[in-house]
Amino acid sequence: MGGTEEKQAAGSGRPTSRDVARLAGVSHTAVSFVFNGRAEGNLSPATQERIRQAAAQLGYRPDPVARGLRRRRTAVIGLITDEIASSPFAGRLLRGAMETAWGSEHLVLTVDSGGDRAKEDAAVAELLDRRVDGIIYAAMSLRRVRVPEGLHRTHSVLANCLPEDDSLPAVIPAERAGGRTAARLLLEEGHRKVAMIGGHDDIASVERLRGFRDALRAEGITVPKEWVVRSGGEISGGYEGALRILDGVSADRRPTGVFCYNDRVAAGVLHAATRLGIAVPGDLSVVGYDDQEHMAAFLSPPLTTVALPHRAMGEAAARLLLDAIDTGRTPPATVRRLACPVITRASVGPVPTR
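Keep in mind the model is a prediction, meaning the values are calculated, not measured.

Draft legend 1. Broad picture of helix H3 (residues 28–35). Most of H3 is tucked away: seven of the eight residues are buried. Along H3, the residues classified as buried are His28, Ala30, Val31, Ser32, Phe33, Val34 and Phe35.

Draft legend 2. Examining the pattern of salt bridges more closely. In total, this model carries 19 salt bridges according to the counting rule given. Across the pair Arg146 and Asp121 runs a salt bridge whose closest N-O atoms are separated by 3.0 Å. One end of the pair, Arg146, is in the loop between strand E4 (144–145) and strand E5 (155–159); the other, Asp121, is in helix H7 (residues 117–129), and 25 residues separate them in sequence. Note that Arg210 is salt-bridged to Glu207, the shortest N-O span being 2.8 Å. Here Arg210 and its partner Glu207 are both found in helix H9 (residues 203–218), three residues apart, which amounts to about one turn of the helix. Salt bridges sharing partners connect three or more residues here, namely Arg176, Arg180, Asp214 and Arg217.

Draft legend 3. Structural context of the pairing of strand E7 (residues 170–173). Across the two faces of E7 the burial is the same, with Ala170 and Ile172 and Val171 and Pro173 all buried. Looking at chain direction, E5 and E7 are connected through two bridges and run parallel. Bridging across to E7, Ala159 finds its partner in Val171. Here four bridges tie E7 to strand E13 (residues 335–338), and the two strands are oriented parallel to one another. Each bridged residue has a counterpart across the sheet, and for Pro173 the counterpart in E13 is Leu338.

Draft legend 4. Broad picture of the confidence of the model for the protein chain. Confidence in the prediction of the protein chain, expressed as mean pLDDT, is 90, and 92% of residues score 70 or more. Low confidence marks residues 7–11, where pLDDT is under 50. Its contacts with residues over four positions away, or in another chain, come to six contacts.

Draft legend 5. Spotlight on the packing of aromatic side chains. Applying the stated criterion to the full structure yields three aromatic pairs. Look at Phe35 and Tyr60: their rings are 5.3 Å apart centre to centre, the planes differ by 75°, and that puts the pair in the edge-to-face class. With a gap of 25 residues between them, Phe35 in helix H3 and Tyr60 in the loop between helix H4 (45–58) and helix H5 (64–71) connect regions that are remote in the sequence. A single burial state applies to Phe35 and to Tyr60, both of which are buried.

Draft legend 6. Local environment of helix H12 (residues 310–327). Counted at 1.5 Å a residue, the expected span for H12 with its 18 residues is 26 Å, and the 26 Å between its end C-alpha atoms agrees. Turning to H12, its buried residues are His310, Met313, Gly314, Ala316, Ala317, Ala318, Leu321, Leu322, Ala324 and Ile325. Backbone geometry just after H12 places Gly328 at a positive phi near 75°.

Draft legend 7. Representation of the sheet that holds strand E12 (residues 304–307) within the structure. Pairing is mixed across the open sheet formed by six strands, whose spatial order is E9-E8-E10-E11-E12-E14. Only two strands of the sheet have a single partner each, and these edge strands are strand E9 (228–229) and strand E14 (342–343). As judged from the two bridges shared by strand E8 (residues 194–197) and E9, these two strands associate in the parallel manner. Bridging from a neighbouring strand, Met196 pairs with Val228 of E9.

Draft legend 8. Spatial organisation of the sheet that holds E7. Judged by pairing direction, the sheet is parallel, and its six strands sit side by side in the order E2-E1-E3-E5-E7-E13 without closing on themselves. At either margin of the open sheet sits one strand with a lone partner, and together these are strand E2 (107–112) and E13. Strand-to-strand twist in this sheet, taken as the mean axis angle between neighbours without regard to direction, amounts to 20°. Both strand E3 (residues 134–138) and E5 contribute to a ladder of five bridges, which runs parallel. Directly across from Ile136, in E5, lies its bridge partner Val157. Taken strand by strand, H7 contacts strand E1 (76–81), E2 and E3, and its axis lies near 175° from that of E1.

Draft legend 9. Inspection of the nonpolar core at higher detail. Ranked by internal contacts, the top residues of the largest apolar core, which has 46 residues, are Phe212, Val269, Leu284, Val286 and Val287. Setting aside chain neighbours within four positions, we find Val286 in contact with Val258, Cys260, Ala266, Val269, Leu270, Val280, Leu303, Thr304, Ser347 and Val348. The next biggest cluster of nonpolar side chains, apart from the first, holds 22 residues, and it includes Ala90, Leu94, Val171 and Ala318.

Quick notes on the rules
- Residues numbered from 1 in each chain as written.
- Predicted model: local features only at pLDDT ≥ 70, side-chain atom pairs only at ≥ 80, totals over all residues.
- Heavy atoms only, no water.
- Buried < 20%, exposed > 50% of the residue type's maximum accessible area, 1.4 Å probe, protein only.
- Helix = DSSP H or I, 4+ residues; strand = E, 2+ residues; numbered from the N terminus.
- Salt bridge = Lys/Arg side-chain N within 4 Å of Asp/Glu carboxyl O.
- Pairing = 2+ DSSP bridges.
- pLDDT = per-residue confidence, 0-100.
- Contact = heavy atoms within 4.5 Å.
- Phe/Tyr/Trp six-rings, centres within 6.5 Å; stacked < 30°, edge-to-face > 60°.
- Expected span 1.5 Å × (residues − 1).
- Axes fitted to C-alpha atoms, helices over the stretch in contact; angles between N-to-C directions.
- Core = buried A, V, L, I, M, F, W, Y, C linked by side-chain atoms within 4.5 Å.

Here it is as structure tokens:
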């Protein structure tokens, strides 16, 4: 423990490491070893425990600013994202990153850029001025992004996005595998006449459809062209897409299962099915994607869906960044894909007998 901490503690009236040393009956250096992570091999377990008990009795905590000055670190990482305020998934990613950082005695300073490039560059510059130990740049929808100016000047990791120049490590969902998983949910219940509704001309849509077709192709099933409806990502798109496939079509000529681009699209499909008198899952099984909070579990019926691993992405990005900070080595600019787990509810059932 250095003089900076002792001076600050003396001025504030809070206990110092020297107070801990006196109470524990050990040297000041021994206390320093315990709280700087150097006790193993230097102090016996009994001595370490005596020091920790003395610290707890006095209410002593090492000063993070002083410790950061010694290590040339601030124990703060930055997190910049485009939609913290508006995305229903931002909280999960933030919680994952913040709890992982807290477990390594780091705080997370968050900035919402609103997707404005100038704000992103300014945010990076401000975080660098504050000497954060590293930065996570996160997008709330999977896409390729321009790496904000200045991000290469510190340890940086991307979450839920890919760098346009492939220059930084990224943690993203395994979207193609997620599409395969969604298809298997229907195949395992005997469905062979299946459709996909919703999606955009973006990475997630393309990868989910590829995975969906992968699984069907492995079973010798081809999806008719008219059963793949790109109708956006909102409830209205799901409703309109479902009507195109289901309305006015006899039961033996319509799909028995539908994979939806996301849970909002699935909500639209459920609404259309209700209007048309098609029972879910008795006549039609529906699989969503995202596991959107305050929505998927409250639809009628509750939606079986493939979850986006937002919390796990926050955790993995923070761990990758913290490892780089600890080792001083920049991680390779590779892409780590995280599994998208199944959330089983009530919208999928066996293929109907007709």
